[in-house]
Amino acid sequence: MSFPKAICLSLFPGRSVPANHSTGKDVPLKRNFPDPLNSAISAALPDRALEPNPSDDPRASTIFLRQYQTDVQEKRKSSRTNHVPTKHFTKKHSSCSTIYLDDSTVSQPYFTTTVKSVVLAIYYHMKKRDADKSLDIFDEQLHPLTREKMPKEYFEYVPEHKFIYRFVHVLFKATNLTAEFAIVILIYIERLLSYAEIDLCPTNWKRIVIGAILLSSKVWKDVTIWNREYCKLFVNTSIEDINELERQFLQLIEYNIKVSGSVYAKYYFDLRSFAKDNSLHLPVYLLNKERAQNLEAVSRMEDTKIFYSATMRRSFSADNFITLQCSKAIIS
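Residues numbered from 1 in each chain as written. Predicted model: local features only at pLDDT ≥ 70, side-chain atom pairs only at ≥ 80, totals over all residues. Heavy atoms only, no water.

**Student:** Hey, could you run me through helix α10 (residues 239-252) in this one?
**Tutor:** Counting along an α-helix, one turn takes 3.6 residues, and residues three or four places apart therefore face a common direction. For α10, built from 14 residues, the straight-helix expectation of 20 Å at 1.5 Å per residue is met to within 8% by its first-to-last C-alpha distance of 20 Å. Buried residues of α10: D241, I242, L245, E246, F249 and L250, and no others. Each buried residue of α10 lies within a common arc of 165° when the element is viewed along its axis, so the set occupies one face. Its buried side turned inward, α10 meets α7 (179-196), α8 (205-220) and α9 (227-233). Positive backbone phi, at 55°, marks E254, one or two positions downstream of α10. (Helix = DSSP H or I, 4+ residues; strand = E, 2+ residues; numbered from the N terminus. Expected span 1.5 Å × (residues − 1). Buried < 20%, exposed > 50% of the residue type's maximum accessible area, 1.4 Å probe, protein only. Arc of directions from axis to C-beta. Contact = heavy atoms within 4.5 Å.)

Below, the structure is given as C-alpha cells:
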C-alpha cells in the first residue's frame, strides 16, 4: 500500500520520496506550504508537553521562584526609592580566620527554615495566580474540613503566610514528617498545578496541601499513618472523602510520583536562595576544631559507604580483588 504524496509530506518532513518508480531515484522534497497535520498536532498538544515541567525536568526553573521574581520586579517598578534593608549588614560573613557554616544540607535540610520557605512559596502561588481555576474535589466550600461555617471573606482573600505556616506545621507534627518532605510536597503541588492546569487559591489550598502530604508520606516514608487518622485531625471529613482526595490527586498527576535527585536538589537550592531573599536566614555557627572534626568524620563515612557499595557490585574473583580499607571516624 502506498501513501499519497501529501500524506508523506506531512508525516515525513524533509524526507525524500521516489520521483519515478521505474528509475528508483529519490528526490528531496521542498515544502513551500504550511503543514496542516503538524499544525493540528501542535495545537492539540498541551502547553506542558511543549515546555519543560519544573517538577520533572531539573533544567526548568521552579514556578514559585518565577512568581516571586515577577513580584519583586513589579514592586521595584512601582517604587521610586530603592530602600536597602539593614538586615543584610548584620549577617555574619566568613573570612580567612573565621568560617561560619549552617547545618542545612540537601539530605538533611533545616526544618524550620525549609518549612517556612515552602509555606512562603505556597503563599506566592496564591498571590500571583492567573485565575481561580480549581476542581470540586479540592474545593473547601464543597468539602469543608471543619464543622464551623467559614465567612465568605475567608474564601476571597489570600491568607497570611503565618496562618498557612500554622496549618502546615500542625500537619507535619501530627504526621511526624521531616524537612525533606516539605520539599517533596512542594514538588507534588507544582506538578498538580501544571498537570491539571489549575490554580492554588483560597478555596482549595488546604485540601491540595493535605493531598500532597498524604501522598508524599505514603511514597517516601517507611511507616506512615492511615487515612482514617486524618479524619481525627479534621473532624468534618470522612474516610471516603480522604480516599477520594488521594485517588483523584494521583490521577491528576498521572500517577507520576517519581522525584529524581536532580529535581529535588534544584528545589532545595531554589528554596535556600528564596529564604535568603526573604530574610529567612539559617542559623550559622562558628567552625571550631570540634565541628571541623565532626564534618570530616561524616565525610569519611559517606566516602566509605560509596566505596563499599561500588566494591560489592564487582566480582570478588582472584583477577579482580580489591582490599577494603576502613576509614576512622570521629563520632560526636
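**Student:** Honestly, the nonpolar core in this entry has me stumped. Any pointers?
**Tutor:** General note: in soluble globular proteins, nonpolar side chains tend to be found buried as a group. Judged by nonpolar contacts, the single largest core of 59 residues is most densely connected at I189, V209, F249 and F274. Elements represented by at least two residues in this core include exactly α4 (63-78), α5 (111-127), α6 (161-175), α7, α8, α9, α10 and α11 (261-277). If one sorts the elements of this core by residue count, α7 sits on top with 12 residues. Look past the residues within four positions of I189 in its chain and what remains in contact with it is I122, L200, I208, V209 and A212. (Core = buried A, V, L, I, M, F, W, Y, C linked by side-chain atoms within 4.5 Å.)

**Student:** Hey, could you run me through α11 in this one?
**Tutor:** Here α11 spans 24 Å end to end across 17 residues, near enough to the 24 Å set by a 1.5 Å rise per residue. Every buried residue of α11 is listed here: V263, Y264, K266, Y267, Y268, D270, L271, F274 and A275. The positive-phi residue at the C-terminal boundary of α11 is S279, with phi of around 60°.

**Student:** Whenever I open this one, unusual backbone geometry confuses me. Can you help?
**Tutor:** As a rule of thumb, non-glycine residues mostly have phi less than zero, and peptide bonds are mostly trans rather than cis. The backbone of N176 shows a phi angle near 60°, a positive value even though the residue is not glycine. Here N176 lies in the loop between α6 and α7. What makes N176 exposed here is its relative accessible area of 58%.

**Student:** Teacher, can you tell me more about the environment of V284 here?
**Tutor:** Along the chain, V284 falls in strand β4 (residues 284-286). Spatially, the C-alpha atom of V284 lies 9.7 Å from that of I99, the residues being 185 residues apart in sequence.

**Student:** I tried to follow the packing of aromatic side chains on my own but got confused; where do I start?
**Tutor:** In this description, a pair of aromatic rings is defined by centroid distance and the angle of the planes. Overall, the coordinates contain 14 aromatic pairs when judged by the stated rule. Aromatic side chains F64 and Y267 sit 6.3 Å apart centroid to centroid with 35° between the ring planes, which places their arrangement in the tilted category. With a gap of 203 residues between them, F64 in helix α4 and Y267 in helix α11 connect regions that are remote in the sequence. Y267 carries the same exposure label as F64, and that label is buried. (Phe/Tyr/Trp six-rings, centres within 6.5 Å; stacked < 30°, edge-to-face > 60°.)

**Student:** Please explain the environment of T105 as it appears in this structure.
**Tutor:** Of note, T105 is situated in the loop between β3 (100-102) and α5. It is 8.9 Å that separates the C-alpha atoms of T105 and Y268, two residues lying 163 residues apart in sequence. At 3.1 Å, the side chain of T105 forms a polar contact with the backbone nitrogen of Q108. (Polar contact = N/O pair within 3.5 Å; in protein donor to acceptor, adjacent residues only side chain to side chain.)

**Student:** Explain the packing of α5 against α6 here, please?
**Tutor:** Geometrically, a packed helix pair is captured by the angle between its two axes and the distance between the axes. Viewed as axis vectors pointing N to C, α5 and α6 meet at an angle of 130°, and their least axial separation amounts to 9 Å. Classified by the interaxial angle, the pair formed by α5 and α6 is oblique. For the crossing formed where α5 meets α6, the hand is right-handed. Here F111, T112, V115, K116, V119, L120, I122, Y123 and M126 of α5 lie close against α6, whose contacting residues are H161, I164, Y165, V168, H169, F172 and K173. Of the residues that constitute the contact of α5 with α6, the class distribution is 11 nonpolar, 3 polar and 2 charged. (Axes fitted to C-alpha atoms, helices over the stretch in contact; angles between N-to-C directions. Parallel < 35°, antiparallel > 145°, perpendicular 65-115°, else oblique. Left-handed = near helix turned anticlockwise from the far one by under 90°. Nonpolar A, V, L, I, M, F, W, Y, C, P; charged D, E, K, R; others polar.)

Worth remembering: the numbers are spatial, not functional.
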